[in-house]
Amino acid sequence: MGDMTEEILRVENLHVSVADVPILKGLNLVINRGEIHAIMGRNGSGKSTLANVIMGHPSYEITDGHVFYRGQALEDLEVHERARAGMFLSFQYPASIPGVQVGTFLKKSVSSVRENPPKGREFRKELTAAMSQLSMDKSFLSRYVNDGFSGGEKKRLEILQLLLLQPHLALLDETDSGLDIDALRIVAEGINQVAPNSASLIITHYQRLLDLVQPHFVHAMIDGNIVHSGGPELALELEERGYDWLDNAA
Amino acid sequence: MVDDSQEIIGDYQYGFHDPEHSTIRFDKGLTEQVVRDISELKNEPEWMTDIRVKAYRHFVERVMPDWGNCSLLNMIDFENVTYFLRSSDKTEKSWDDVPDDIKNTFDRLGIPEAEQKWLGGVTAQYESEAVYHSIREDLEEQGVIFLDMDSGLKQYPEIVKKYFGTVVPHSDNKFSALNTAVWSGGSFLYIPKGVSVEMPVQAYFRINAKNMGQFERTLIIADEGSTIHYVEGCTAPNYSTDSLHSAVVELIAMKGAKIRYSTVQNWSSNVYNLVTKRAVAYQDAVVEWVDGNIGSKLTMKYPSVLLKGEGAHAEVISVAYAGEGQHQDTGAKVHHLASNTTSNILSKSISKGGGRSSYRGLLQVTPKSSGCRSKVVCDALILDEDSRSDTYPTMEIGNSSSDLEHEASVSKVSSDQLFYLMTRGFSEEEAMGLIVNGFFEPFTRELPMEYAVELNKLLELEMEGSIG
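Residues numbered from 1 in each chain as written. Chains lettered and ligands numbered in written order. Predicted model: local features only at pLDDT ≥ 70, side-chain atom pairs only at ≥ 80, totals over all residues.

A. Spatial organisation of the overall build of chain B. The number of helices and strands found in chain B is twelve helices and 24 strands. For chain B, the C-alpha radius of gyration of 21 Å lies close to 23 Å, the compact-globule estimate for 468 residues. Viewed in the frame of its principal axes, chain B has a C-alpha envelope of about 65 × 60 × 45 Å. Here chain B holds 468 residues, and the buried ones make up 56% of them. Taking the intrachain contacts of chain B between residues at least 6 apart in sequence as the baseline, contacts between residues at least 24 apart amount to 82%. (Helix = DSSP H or I, 4+ residues; strand = E, 2+ residues; numbered from the N terminus. Rg over C-alpha atoms; globule rule 2.2 N^0.38 Å. Buried ≥ 20, exposed ≤ 12 C-beta atoms within 10 Å, placed from the backbone. Contact = placed C-beta atoms within 7 Å.)

B. A look at helix H1 (residues 47-55) of chain A. Residue and element names in this part refer to chain A. The buried count for H1 comes to nine of nine residues, which makes it a mostly enclosed element. Listed in full, the buried residues belonging to H1 are Lys 47, Ser 48, Thr 49, Leu 50, Ala 51, Asn 52, Val 53, Ile 54 and Met 55. Immediately downstream of H1, the backbone of Gly 56 shows phi near 95°, a positive value.

C. Quick peek at the domain arrangement of chain B. Residues and elements named next belong to chain B. Here the domain parsing of chain B yields domain 1 (6-301) and domain 2 (415-468). Placing a centre on the C-alpha atoms of domain 1 and another on those of domain 2 gives a separation of 30 Å. In this assembly, eleven residues from domain 1 lie in contact with ten residues from domain 2. Put simply, the parts of the chain that give the side of domain 1 that touches domain 2 at least two residues each are helix H5 (111-118), strand S13 (258-265) and strand S15 (286-293). Of the residues belonging to the side of domain 1 that touches domain 2, the class tally is seven nonpolar, three polar and one charged. (Domains from an automatic or database assignment. Nonpolar A, V, L, I, M, F, W, Y, C, P; charged D, E, K, R; others polar.)

D. Region of interest: the nonpolar core. Residue and element names in this part refer to chain B. Of all hydrophobic cores here, the largest spans 207 residues; its most connected members are Ala 253 and Ala 281. Tallying contributions element by element places helix H11 (residues 428-444) first for this core, with eight residues. In terms of domain composition, this core takes at least three residues from each of domain 1 (6-301) and domain 2 (415-468). Aside from chain neighbours lying at most four places away, what touches Ala 281 is Ala 253, Val 286, Val 287, Val 305, Leu 306, Leu 307, Lys 308, Gly 309, Ala 312 and Ala 314. (Core = buried A, V, L, I, M, F, W, Y, C linked by C-beta atoms within 7 Å.)

E. Representation of the sheet that holds strand S11 (residues 217-222) of chain A. Residue and element names in this part refer to chain A. The sheet built from six strands is open, its strands ordered S6-S9-S10-S3-S11-S12 with mixed pairing. For this open sheet the edge positions go to strand S6 (87-90) and strand S12 (225-230), each flanked by a neighbour on one side alone. Sheet twist, expressed as the average angle between the axes of neighbouring strands with direction ignored, equals 20°. When strand S9 (residues 169-173) meets strand S10 (residues 199-204), the two strands line up parallel, connected through five bridges. Across the sheet, residue Leu 172 finds its bridge partner in S10, namely Ile 202. (Pairing = 2+ DSSP bridges. Axes fitted to C-alpha atoms, helices over the stretch in contact; angles between N-to-C directions.)

F. Region of interest: the interface of chain A and chain B. Across the contact, 18 residues belong to chain A and 19 residues belong to chain B. Partitioned by chemical class, the residues of the side of chain A that touches chain B number eleven nonpolar, six polar and one charged.

G. Just the packing of helix H4 (residues 120-133) of chain A against helix H5 (residues 151-165) of chain A, in detail. Residue and element names in this part refer to chain A. Running from N to C, H4 and H5 cross one another at 140°; their axes reach a closest spacing of 10 Å. Classed by the angle they form, the pair H4 and H5 counts as oblique. Like other packed secondary-structure pairs, H4 and H5 cross with a definite hand, here right-handed. Taken together, the residues of H5 that come into contact with H4 (itself represented by Glu 126, Leu 127, Ala 130 and Met 131) are Leu 160, Leu 163 and Leu 164. Taken together, the residues that form the contact of H4 with H5 break down as six nonpolar, no polar and one charged. (Parallel < 35°, antiparallel > 145°, perpendicular 65-115°, else oblique. Left-handed = near helix turned anticlockwise from the far one by under 90°.)

H. Representation of the environment of Met 254 of chain B in the model. Residue and element names in this part refer to chain B. Tracing the backbone shows Met 254 in the loop between strand S12 (248-253) and S13. Between the C-alpha atoms of Met 254 and Ser 128, which are 126 residues apart in sequence, the distance is 30 Å. Those residues in contact with Met 254 that lie beyond four places of it in its chain are Ala 222, Asp 223, Glu 224, Tyr 282 and Ala 285.

I. Geometry of unusual backbone geometry. Residues and elements named next belong to chain B. We note that Asn 43 has phi near 60°; this positive angle belongs to a residue other than glycine. Structurally, Asn 43 is set in the loop between helix H1 (32-41) and helix H2 (46-61). With a phi angle near 55°, Asn 340 is a residue other than glycine that sits in the positive phi range. Within the secondary structure, Asn 340 is located in the loop between strand S19 (327-336) and strand S20 (342-351).

J. How the structure looks around the packing of H1 of chain B against H2 of chain B. Residue and element names in this part refer to chain B. Close contact between H1 and H2 brings their axes to 10 Å; oriented N to C, the two are set at 155°. Our classification of the angle between H1 and H2 gives roughly antiparallel. The handedness of the crossing between H1 and H2 comes out as right-handed. For the pair H1 and H2, the contacting residues are Glu 32, Val 35, Arg 36 and Ser 39 in the first and Met 48, Thr 49, Arg 52, Val 53 and Tyr 56 in the second. Taken together, the residues that form the contact of H1 with H2 break down as four nonpolar, two polar and three charged.

Following this line, the structure appears as structure tokens:
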């Protein structure tokens, strides 16, 4: 981190409901450029909701509070406008798009998101480099997006997009689930490459990704709120002790 | 001349029209005299006049189909159709000799450009007759005959007499009777034994006049061991009144021959498109129908193959896009009339904005045709609540030694797919376009590249302005 902190994400008193059921209850969070934050919590604590609502998922209703991205209130931006502004969400279960080849998809996505998208040979060079870094075979490019992909293949494709789209804000939702240790290492390497120049939010159940991607801040989430924050040591503590000791704080 | 097309032209980029000009134009309406006049004008042999008159009488007696979209069918006013319109006195061999505004139309449609780049021959039909025709010299030297049907009848009457109406008899249905009575234009294609034509040949059909009836007739004969890829495209201006396109296409694939027939139908939404397409495949022959239906008001078309020789194979890949005010009633028919014949049918349809798509299929295996294999897959994608998709599959299986599979699915675009694509920078419309193109991909990948690109652009255009 340089001397100047640059705020990328600010979440203020965020209340969110899905079908009138409150999920997030007054959450606050600030992430600056260069910082890696990890949010840990049980299933159903609202972790994925946070990532989705920041990205603008239409099923979530903000009932109170605000989300600011690079100083701008996000409420009026559509999902694709957020993507074009440099926000990125890596999905736990990315949708498959039958009939659309990965190569075509990546090229179109990069040219709509990046400010000065690489063209032709330049793009192919970048693509080849990123794919070899993630140990992805060229044959990926002619397969259909996530169609018939294994869990590990889907995650690699997500991280490939992270590398190519070069976002200011990377929201990584359960990126470690379903990966063996080799794949986890490759994915972590991808995240580490992008993290210094962007703001990263890692959502996870487990410590094991955080062994490979060192977070600056770890937050424990219970029942729609961050109840405790700390440094990387908190992740170890949560892994060891679980969340029960924090329940009173919620 | 009053231009009433502009207000309803919408997004349809081929909806422009030229001033109508004709050297011969028949009065609207159909009588036996009109049929005889067409034949006389074309200086046809008497046997063809007789076929026409017989077909006309059958057309008059034959009732309208009592299935399909009867309310739309019954709105056709046969008395308000121009059955013959000659817009140029000759079929030219050079684009420079084609009348200017007609040439401009084909320029705008990109035909001369495509011809130079990747086609082996081109027929361009405007209203009732071909205005331009050419074939590459090397194909001609190999004995390939590619003519418009009127010239085919003049130059090769014995071949035409032998095959005309043998695959689709005039009495097949009301519209095959109508076509046989008043046919004009279309393609006549003969590929000699063992000749493999590498570059596709193309026919382009353009209706320009209002209330026009276009009745082209195509006959393709692939002799033993030959191969051919025939491509056709079609467009028309948007008018507030209807036009009628009713073609008959007959394919004959001799022993070991291969015919691929690709269509991208993009008629404007005021055109009734009622077409009978059928092929006969003899021993070890292959017939492939690659059939795309994007335009028209009502299309009824079920490309068929009669597998008459052992080892013959049929492939029907079709897509249909039914937008607002459109009904695409399409499908496929395969008749396994010999043993060890195989077929694949893949049908994909998209309905949007209240459009309706129907799949109507027939798969027949006769009792003595043993060891046949067939696979039928029908997928429908419905983009909104107002739209509709139906499937009417019929199977008549006469023996137990055949292996048949049928799969059908109806799906909607999922909100997960849209959200995923939007997080990757695609607007909702672009995301929809991508999903739709992906859905049709098994079809588009079978098309020549130039057509595939064009079709994808077309579908993306259809998705624009559609999301509220």
